[in-house]
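Given next are the chains, with one letter for each unit.
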Amino acid sequence: MRIVALAGGIGGARFLRGLRAAVGPQDEITVIGNTGDDIHLYGLKVCPDLDTVMYTLGGGINEEQGWGRTDETWSIKAEMKEYGVGPEWFGLGDRDFATHLVRSQMLTAGYSLSQVTEALCVRWKPGVRLLPMSDDRVETHVRITDEQGTRAIHFQEYWVKLHAAVDAEAIVAVGADTAKPAPGVLEAIAEADVILFPPSNPVVSIGTILAVPGIREAVAAAPAPVVGLSPIVGGAPVRGMADKVLAAVGVEATADAVALNYGSALIDGWLVDTVDQASVAAVEAGGIACRAVPLLMTDVEATAEMARAALALAEQVRK
């Protein structure tokens, strides 16, 4: 079985770990990773979502945080602070710095982000094929109004520095409209037996991937069933502040509203948590098959059960 998953961030990475445990060694998983969170810091190219997937599946993630490296030290960041060089609000540990140094050196040498990602995965052996959504530069920005007035800031500043404490007025994937899907992305979607939307942020993770011209169209046209898992449980995000960015695009933070925002033209099936059983009827009224199952990723086996439920629903709705 050839499985394609669109993923970003901690939720996506943890789901992929369960998915990998749920399928057999003969099955192939291709992950199309969000690069809208990418940012340049200290002169280095940082790809938070790609790295979180790579570290999580490769056994190097800080499990408590869900991001960054395990057994991390912070000497470089401390020295940068002594020089008065920031930003202080974004945490890059010493081990993490090495990844960004290698990536930046290879990019400067002329390699594409796809080639660099493949090279980095040689070390981590994530057990999946990890593709960036695009080799072109795309950055998610957020429009806010605060004491400095109305302005656009990088998503990382909004999420990490401000903790989404200010209302998001608009979400813009800068550069997405002219970006091209990375090599292999459209082919993987067209050849997939199943396409999954993990419980990643539907606006700034999966939504940004779909904003790259050709990707949404490829998913909608794919012969494979497309099944998503709700990142909203009981009217609130399981992790993070997805409700803030959902509000910016006019979508209510409920399991059924997120499904209906994707729409039946894009997804065929949707899983909600058992606490959201009442949402099933609304989703199905929108032309999307829906089931209620436990969606809390408490451990790898619980997450694997979520993945099995998604694959089972995919079989039921197969076109």
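This section reports on the structure supplied with the text. (Residues numbered from 1 in each chain as written. Predicted model: local features only at pLDDT ≥ 70, side-chain atom pairs only at ≥ 80, totals over all residues. Heavy atoms only, no water.)

## Examining the packing of helix H4 (residues 94–108) against helix H5 (residues 113–124)
Here is step 1: Across the interface, H4 lies against H5 with an axial gap of 10 Å and an inter-helix angle of 140°. Taken together, the axis directions place H4 and H5 in an arrangement best described as oblique. Classified by chirality, the crossing of H5 by H4 is right-handed. Residues Thr99, Val102, Arg103, Met106 and Leu107 of H4 touch H5, and the partners they reach there are Leu113, Val116, Ala119 and Leu120.
Here is step 2: Tallied by class, the residues present in the contact of H4 with H5 amount to 7 nonpolar, 1 polar and 1 charged. (Axes fitted to C-alpha atoms, helices over the stretch in contact; angles between N-to-C directions. Helix = DSSP H or I, 4+ residues; strand = E, 2+ residues; numbered from the N terminus. Parallel < 35°, antiparallel > 145°, perpendicular 65-115°, else oblique. Left-handed = near helix turned anticlockwise from the far one by under 90°. Contact = heavy atoms within 4.5 Å. Nonpolar A, V, L, I, M, F, W, Y, C, P; charged D, E, K, R; others polar.)

## Points about the sheet that holds strand E6 (residues 139–146)
Here is step 1: The strand order E7-E6-E8 describes an open sheet built from 3 strands, whose pairing is antiparallel. Since the sheet does not close on itself, it has two edges, and those belong to strand E7 (149–154) and strand E8 (170–174), each with one partner. Each adjacent strand pair in this sheet contributes to an overall mean axis angle of 30°, direction not counted. (Pairing = 2+ DSSP bridges.)

## Focus: the layout of surface pockets
Picture a little ball the size of a water molecule; that probe, rolled over the atoms, points out where space is still empty.
Here is step 1: Reported here for the largest pocket is a volume of approximately 990 Å³.
Here is step 2: Lining the largest pocket are 43 residues, with Gly9, Ile10, Trp67, Trp159 and Arg239 sitting closest to its centre.
Here is step 3: At the level of secondary structure, the elements contributing two or more residues to the lining of the largest pocket comprise helix H1 (9–22), helix H2 (48–58), H4 and helix H6 (155–161).
Here is step 4: Its residues assigned to classes, the lining of the largest pocket comprises 22 nonpolar, 15 polar and 6 charged.
Here is step 5: Of the voids in this model, the second largest pocket is the one considered here, and its volume is about 200 Å³.
Here is step 6: Lining the second largest pocket are 14 residues, and of these Pro202, Val203, Gly207, Thr208 and Val249 sit closest to its centre.
Here is step 7: Looking at the lining of the second largest pocket, the element that brings in the most residues is helix H8 (residues 206–211), giving 4 residues.
Here is step 8: Partitioning the lining of the second largest pocket into residue classes produces 9 nonpolar, 4 polar and 1 charged. (1 Å grid on protein atoms, 1.4 Å probe; cavity = no way out; pocket = protein on both sides within 12 Å on 5 of 7 lines; lining within 4 Å. Points joined across faces, edges and corners; volume = space filled by probe spheres on them.)

## Some thoughts on unusual backbone geometry
Here is step 1: The amide bond that connects Gly86 to the next residue, Pro87, takes the cis arrangement and shows omega of 10°.
Here is step 2: Its place among the elements puts Pro87 in the loop between helix H3 (75–82) and H4.

## Examining the packing of aromatic side chains
Here is step 1: In the structure shown here, the tally under the stated rule is 6 aromatic pairs.
Here is step 2: For the ring pair Tyr55 and Trp124, a centre distance of 5.2 Å and an interplane angle of 65° mean the geometry is edge-to-face. Here Tyr55 is found in helix H2, whereas its partner Trp124 is found in helix H5, with 69 residues between them in sequence. For the pair shown, Tyr55 and Trp124 are each scored as buried.
Here is step 3: Ring geometry for Trp89 and Phe90: centres 5.8 Å apart, planes at 80°, overall edge-to-face.
Here is step 4: Taking relative accessible area as the criterion, Trp89 reaches 25% and is therefore assigned partly exposed. (Phe/Tyr/Trp six-rings, centres within 6.5 Å; stacked < 30°, edge-to-face > 60°. Buried < 20%, exposed > 50% of the residue type's maximum accessible area, 1.4 Å probe, protein only.)

## Details of the sheet that holds strand E13 (residues 269–272)
Here is step 1: Reading across from one edge, E5-E2-E1-E9-E10-E13-E14 is the order of the 7 strands in this open sheet, with parallel pairing throughout. Every other strand in the sheet has two partners, leaving strand E5 (129–132) and strand E14 (289–292) as the edge strands with one partner each. Here the average twist between neighbouring strands, direction ignored, is 20°.
Here is step 2: Note that strand E1 (residues 2–7) and strand E9 (residues 194–197) share 3 bridges and pair parallel. Across the sheet, the residue bridging to Val4 is Ile195, located in E9.
Here is step 3: Strand contacts of H1: E1, strand E2 (28–33), E9 and strand E10 (226–229), with the helix running at about 165° to E1, the strand carrying the most contacts.
Here is step 4: Of the strands in this sheet, E9 and E13 touch helix H11 (residues 255–262), which is tilted by about 165° from E13.

## Notes on H1
Spacing of three or four residues puts side chains on the same side of an α-helix, whose turn is 3.6 residues.
Here is step 1: If you check H1, its first and last C-alpha atoms are 20 Å apart, about what 14 residues at 1.5 Å a residue would give, namely 20 Å.
Here is step 2: Among the residues making up H1, those that are buried are Gly9, Ile10, Gly12, Ala13, Phe15, Leu16, Arg17, Gly18 and Leu19. (Expected span 1.5 Å × (residues − 1).)

## Focus: the nonpolar core
Here is step 1: Grouped together as the largest cluster of nonpolar side chains are 54 residues, with contacts concentrated most on Ile189, Ile195, Phe197 and Trp270.
Here is step 2: Of the residues forming this core, the biggest block, 5 residues, is contributed by H11.
Here is step 3: Those residues within four positions of Ile189 in sequence are excluded, and the remaining contacts are Val4, Ile32, Ile195, Ile215, Ala218, Val219 and Ala222.
Here is step 4: Counting residues in hydrophobic clusters, the runner-up holds 41 residues, among them Phe15, Leu113, Leu196 and Val317. (Core = buried A, V, L, I, M, F, W, Y, C linked by side-chain atoms within 4.5 Å.)

It is worth stressing that arrangement in space is one thing and function is another; only the former is reported here.
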